[in-house]
Amino acid sequence: MSETFPKEPATAEDAESEPRPGRIRKPIGWSTIIIAALVAVSAALVWRRDGTDGVLDILTHDLSLFGGILPRVLAGCLLGAFISEILPHEKVSRSLGPKSGLMGLLIGTAFGAILPGGPFTAYPVASALLAVGADFGATIAMVVSWTLIGYGRAVAWEIPIMGTDFTLWRIVISLPLPVLAGALGRFVYVRLYPKPIAKEDET
């Protein structure tokens, strides 16, 4: 009979580079139930006031809106899936992982600031980064930077409406916020999901 050797434990570097397991997403959660209840109550109020025609008008308009949004949602989800397959796990973990320090937060902030597109692009990309080794801190910095600093909205909307001076000062004041949010997110996440102690550390 051939001897079976115990599987060697993963090294500390491998354990740190692997993304920590997140919560399993349920298709129907409390948020879905609450939203469905609010929709039912709102539909009943509209039906009571405007009758069946009022409800049908709203449904027709919303279905048209949903049809226009669906391709962008699909494109964003596909983008996130492809990015998670293309990006090298080791490089992302080294640049944006738990041991990336302040540099990882700065990289996440810069990436979020230049990331084009709306939420259909930003959130799938953020999910892909988490899947390939980025930690919560760097990903939070990216999302907050995209929300506060995103150049696309600044160029297309803010500068024409609010002026260059207002936009520049708003961006300068907002620059530290993604880094602070990422550092706080990293601090909280480490305490909510502590890393298991390696065997060599116990001895």
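Along each chain, numbering runs from 1 in the same order as the chain's sequence is written. Thresholds applied to this predicted model are a pLDDT of at least 70 for local features of residues and 80 or more for the giving and counting of side-chain atom pairs; totals over whole chains, interfaces and linings are not thresholded and use all residues. Neither water nor hydrogens contribute to the side-chain values; these are computed over all heavy atoms in the structure.

(A) Geometry of the UniProt feature "transmembrane region" (unreviewed entry) in the protein. UniProt positions are given in the numbering used here, feature names are shortened, and annotations may be inferred rather than shown by experiment. Mapped onto this structure's residue numbering, the UniProt feature "transmembrane region" (unreviewed entry) falls at residues 28-47, 59-83, 103-122, 129-149 and 169-189. Per the convention used, a helix needs a DSSP run of H or I reaching at least four residues, while a strand needs a run of E reaching at least two, with both numbered from the N terminus. With 80% helix and 0% strand, residues 103-122 has its two end C-alpha atoms placed 21 Å apart. As annotated, residues 129-149 comprises 76% helix and 0% strand, and the C-alpha atoms at either end are separated by 19 Å.

(B) Representation of helix α7 (residues 151-162) within the structure. A helix is expected to span 1.5 Å for every residue after the first. Helix length check: α7, at 12 residues, gives a terminal C-alpha distance of 14 Å against a target of 16 Å (1.5 Å per residue), a shortfall beyond 12%. Backbone geometry just downstream of α7 places Gly-163 in the positive-phi region, at approximately 100°.

(C) Quick look at the side chain of Arg-170. Examined against the element boundaries, Arg-170 turns out to sit in helix α8 (residues 164-174). With sequence-adjacent residues up to four places away left out, Arg-170 is seen in contact with Leu-148, Ile-149, Ala-154 and Glu-158. Contacts are assigned to residue pairs with any non-hydrogen atoms lying within 4.5 Å of each other.

(D) Structural detail: the packing of aromatic side chains. Classification of ring pairs rests on two measures: the distance between centres of Phe, Tyr or Trp rings, Trp counted by its six-membered ring, which must be within 6.5 Å, and the angle between planes, read as stacked under 30 degrees, edge-to-face over 60 and tilted in between. Evaluated as defined, the whole model comprises two aromatic pairs. Both rings, one in Tyr-123 and one in Trp-146, keep their centres 5.7 Å apart while their planes meet at 75°; by these two values the pair is edge-to-face. Pair noted here: Tyr-123 is in helix α5 (residues 119-131) and Trp-146 is in helix α6 (residues 136-148), with a separation of 23 residues, a long-range link. A ring pair is formed by Phe-136 and Tyr-189, whose centres lie 4.0 Å apart and whose planes are at 20°; its orientation type is stacked. Placement of the pair is Phe-136 in helix α6 and Tyr-189 in helix α9 (residues 176-192), with a sequence separation of 53 residues. It is Arg-153 that lies over the ring of Trp-146; its NZ or CZ is 5.0 Å from the centre. Only Lys NZ and Arg CZ are tested; either one counts as a charge over a ring when it is within 6 Å of the ring centre and within 35 degrees of the ring normal.

(E) Structural view of the packing of α5 against α6. Geometry is summarised by axes, namely lines fitted to C-alpha atoms with helices restricted to the contacting stretch, and by angles between N-to-C directions that run from 0 to 180 degrees. At their nearest, the axes of α5 and α6 sit 10 Å apart, and the two run at 170° to each other. The orientation of α5 with respect to α6, classified from their angle, is roughly antiparallel. Of the residues in α6, those touching α5 at Pro-119, Ala-122, Tyr-123, Ala-126, Leu-129 and Leu-130 are Phe-136, Thr-139, Met-142, Val-143 and Trp-146. Residue classes follow a fixed rule: Ala, Val, Leu, Ile, Met, Phe, Trp, Tyr, Cys and Pro count as nonpolar, while Asp, Glu, Lys and Arg count as charged, and any other residue, Gly among them, counts as polar. Classifying every residue of the contact of α5 with α6 gives 10 nonpolar, one polar and no charged. The cut-offs work like this: below 35 degrees is roughly parallel, past 145 is roughly antiparallel, 65 to 115 is roughly perpendicular, and the gaps in between are oblique.

(F) Geometry of the nonpolar core. Nonpolar cores are built from buried Ala, Val, Leu, Ile, Met, Phe, Trp, Tyr and Cys residues. Side-chain atoms within 4.5 Å join them into one set. The cut-offs for exposure are 20% and 50% of the maximum accessible area for each residue type, with area from a 1.4 Å probe on protein chains only; residues under the lower value are buried, those over the upper are exposed, and the others partly exposed. Counting residues in each nonpolar core, the largest one holds 15 residues, and the members touching the most others are Val-92, Leu-96, Leu-115, Leu-129, Ala-134 and Met-142. Secondary-structure elements contributing two or more residues to this core are α3 (89-96), α5 and α6. Ranked by residue count, the leading element in this core is α5, at five residues. When near neighbours in sequence (up to four residues on either side) are disregarded, Val-92 contacts Leu-87, Gly-97, Leu-129, Val-132, Gly-133 and Ala-134.

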